[in-house]
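Each chain, written out:
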Amino acid sequence: MLGGDVVLTPSPHDFKTHRSYQYQDLTTRGTVEFRSSCAQPMADSFSVAAFHLGLMCELTALTDLLSDHIFYEDYGRDYQLLRRHFSTRKLDPDALADMLAFSGELLALASRGLKNEDLARHVIWHRFTNGLKQEKIQLKKA
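In what follows, the accompanying structure is described. (Residues numbered from 1 in each chain as written. Predicted model: local features only at pLDDT ≥ 70, side-chain atom pairs only at ≥ 80, totals over all residues. Heavy atoms only, no water.)

## Notes on the overall build of the chain
Working step 1: Helix and strand counts for the chain stand at six helices and two strands.
Working step 2: In the chain, the succession of α and β elements from N to C terminus is β-β-α-α-α-α-α-α.
Working step 3: Among the 142 residues that make up the chain, the fraction classed as buried is 21%.
Working step 4: Pairs at least 24 residues apart make up 51% of the contacts formed inside the chain by residues separated by at least 6 positions.
Working step 5: Looking at the chain as shown, the accessible area adds up to about 10,900 Å², and 57% of this sits on carbon and sulfur atoms. (Helix = DSSP H or I, 4+ residues; strand = E, 2+ residues; numbered from the N terminus. Buried < 20%, exposed > 50% of the residue type's maximum accessible area, 1.4 Å probe, protein only. Contact = heavy atoms within 4.5 Å. Areas by Shrake-Rupley, 256 points an atom, 1.4 Å probe, with all protein chains shown as cover.)

Next up, the structure:
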């Protein structure tokens, strides 16, 4: 269609999922290249943003939690090693319990921040944490 007009007509199906475009690169030809990271249901798409917003609303409490949490005393603060250790397929039961307890405290803190901020944002958060509960159940079964 050289030089012709293309008319796009949106439909409700277009909004069933959200594809985030996170990678932008300037190519050697001087064009901008966008790469999408994933597509996910629209209802779940903004849960990560809600998590971060909830933590930012409780920034002082988050700073206190991260500054002297026992998790770091037990596992250190080398984040590359932490990522490698906790991303294994099979964690020992103590490490799994510690990770779930620490992440639970972070989730509770983010939830509290969202509750204080706005109920609409908390609805997004509620969908996210329900999904995490299902994953936690699966982790414990494994």
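That was the structure; now back to the text.
## Focus on the environment of Asp92
Working step 1: Tracing the backbone shows Asp92 in the loop between α4 (79–86) and α5 (93–117).
Working step 2: A polar contact of 2.9 Å, which involves the side chain of Asp92, links it to the backbone nitrogen of Ala95. (Polar contact = N/O pair within 3.5 Å; in protein donor to acceptor, adjacent residues only side chain to side chain.)

## So, the side chain of His69
Working step 1: Within the secondary structure, His69 sits in the loop between α2 (59–68) and α3 (70–75).
Working step 2: Since its relative accessible area comes to 11%, His69 is described here as buried.
Working step 3: With residues near it in sequence (within four places) discarded, His69 still touches Phe102 and Glu105.

## Describing the pattern of salt bridges
Working step 1: The final tally for this structure, using the stated rule, is one salt bridge.
Working step 2: The residue Arg112 makes a salt bridge to Glu58 at a minimum N-O spacing of 3.0 Å. With Arg112 in helix α5 and Glu58 in the loop between α1 (47–57) and α2, this pair connects stretches of sequence that are 54 residues apart. (Salt bridge = Lys/Arg side-chain N within 4 Å of Asp/Glu carboxyl O.)

## Considerations on a negative patch on the surface
Working step 1: Residues Asp64, Asp68, Glu73 and Asp74 make up a contiguous surface patch of negative charge.
Working step 2: Listed by contribution, the elements that provide at least two residues to the negative patch are α2 and α3.
Working step 3: Position of Asp74 among the secondary structure elements: in helix α3.
Working step 4: Classification of Asp74 as partly exposed rests on a relative accessible area of 49%. (Patch = residues over 30% accessible without salt bridge, like charges linked within 9 Å, V, L, I, M, F, W, Y side chains within 5 Å. Lys, Arg positive; Asp, Glu negative; His and termini not counted. Charge placed at Lys NZ, Arg CZ, Asp CG, Glu CD.)

## A short note on the packing of aromatic side chains
Working step 1: This model, assessed by the stated rule, comprises seven aromatic pairs.
Working step 2: On the basis of an interplanar angle of 20 degrees and a centroid distance of 4.8 Å, the ring pair of Phe71 and Phe102 is categorised as stacked. Placement of the pair is Phe71 in helix α3 and Phe102 in helix α5, with a sequence separation of 31 residues. We note that Phe71, like Phe102, is buried.
Working step 3: A ring pair is formed by Tyr75 and Phe86, whose centres lie 5.1 Å apart and whose planes are at 75 degrees; its orientation type is edge-to-face. Of this pair, Tyr75 sits in helix α3 while Phe86 is found in helix α4, placing the two residues eleven residues apart along the sequence.
Working step 4: A relative accessible area of 15% means that Phe86 is categorised as buried.
Working step 5: Among the aromatic residues, ring-to-ring pairing joins Phe71, Tyr72, Tyr75, Tyr79, Phe86 and Phe102 into one connected group.
Working step 6: The ring of Tyr72 carries Arg77 above its face, with NZ or CZ at 3.8 Å from the centroid. (Phe/Tyr/Trp six-rings, centres within 6.5 Å; stacked < 30°, edge-to-face > 60°. Lys NZ or Arg CZ within 6 Å of the ring centre and 35° of its normal.)

## Some words on the environment of Asn116
Working step 1: In this fold, Asn116 is placed in helix α5.
Working step 2: Residue classification places Asn116 among the exposed residues on the basis of a relative accessible area of 57%.
Working step 3: Sequence-wise, Asn116 and Cys57 are 59 residues apart; in three dimensions their C-alpha atoms are separated by 8.1 Å.

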